Amino acid sequence: MHIDDYAPGERERRPEWMTEALKKKEALRKLIKGTSIVFLLLVALITWAFFTHSIQVEPGHHAVLVDKPYFFGNEGVRKDPLTEGRKLVFDTTTAIPVRMQPGSISVKFDDLMTSDNTPLDFESSIQYRVLDAVKLVDKFGAEGWFTFNVDPQYRTMVRKAVKKHSMPMIMS
């Protein structure tokens, strides 16, 4: 007969060598279970130590989180920005800080021609405020959003406005 063929109440009928074998089998199961728990804790500790980092949001900023997972998960910009505090994320997640306070950008113009063909040099400024950090990063990118999206249109509008007027009218 095999060790497991005996019911728990039939211990009296088991030979002693079989009882010892059952004890060894149970001890081995406990050892394997304990080793598994230790192994899982070790894997969790290594993952936390080597594959995560914390992100802290500075005052007046929002951090837009962009996920780029290796194996599983969703790739791309997260819908909700990190508005305050600190968050622990995987190394494949990057945080893009977006300034939420009003800002100003100066734009310099060289040799714009007025309606009477007088070259004009001047500088103007644009004041802006970001209302939705996630939409800004998702639609226009984190770097160079002004240079690639706003600056060309603004320069065209100013050039057309200057061309409509003469130099004395602009100076008055």
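Because the structure is a prediction, the values reported are computed rather than measured. (Residues numbered from 1 in each chain as written. Predicted model: local features only at pLDDT ≥ 70, side-chain atom pairs only at ≥ 80, totals over all residues. Heavy atoms only, no water.)

**Q** I'd like to hear about the overall build of the protein chain, residue by residue, with values.
**A** For the protein chain, the helix and strand inventory stands at 4 helices and 7 strands. Moving toward the C terminus, one meets the helices and strands of the protein chain in the order α-β-β-β-β-β-β-β-α-α-α. A burial count over the protein chain gives 23% of its 172 residues as buried. In the protein chain, the share of contacts with a sequence separation of at least 24, taken over all contacts with a separation of at least 6, comes to 61%. Accessible surface, the protein chain as shown: approximately 13200 Å² in total, 58% of it carbon and sulfur. (Helix = DSSP H or I, 4+ residues; strand = E, 2+ residues; numbered from the N terminus. Buried < 20%, exposed > 50% of the residue type's maximum accessible area, 1.4 Å probe, protein only. Contact = heavy atoms within 4.5 Å. Areas by Shrake-Rupley, 256 points an atom, 1.4 Å probe, with all protein chains shown as cover.)

**Q** Give a description of the pattern of salt bridges that names residues and reports values.
**A** Evaluation of the coordinates by the stated rule reveals 3 salt bridges. We note a salt bridge from Glu 26 to Arg 29, for which the minimum N-O separation is 3.8 Å. On the criterion of helical spacing, the pair formed by Glu 26 and Arg 29 is a turn pair, its members being 3 residues apart in helix α1 (residues 16-51). Relative accessible area serves as the criterion here: at 38%, Glu 26 is assigned to the partly exposed category. (Salt bridge = Lys/Arg side-chain N within 4 Å of Asp/Glu carboxyl O.)

**Q** Requested: an account of unusual backbone geometry, with residues and values cited.
**A** Despite not being glycine, Asp 111 shows a phi value in the positive range, around 55°. In this structure, Asp 111 sits in strand β6 (residues 103-113). A residue is classified by how much of its surface remains accessible, and Asp 111, at 53% relative accessible area, is exposed. Non-glycine residue Asn 117 carries a positive phi angle of around 60°. Checked against the element boundaries, Asn 117 lands in the loop between β6 and β7 (119-128). Relative accessible area serves as the criterion here: at 62%, Asn 117 is assigned to the exposed category.

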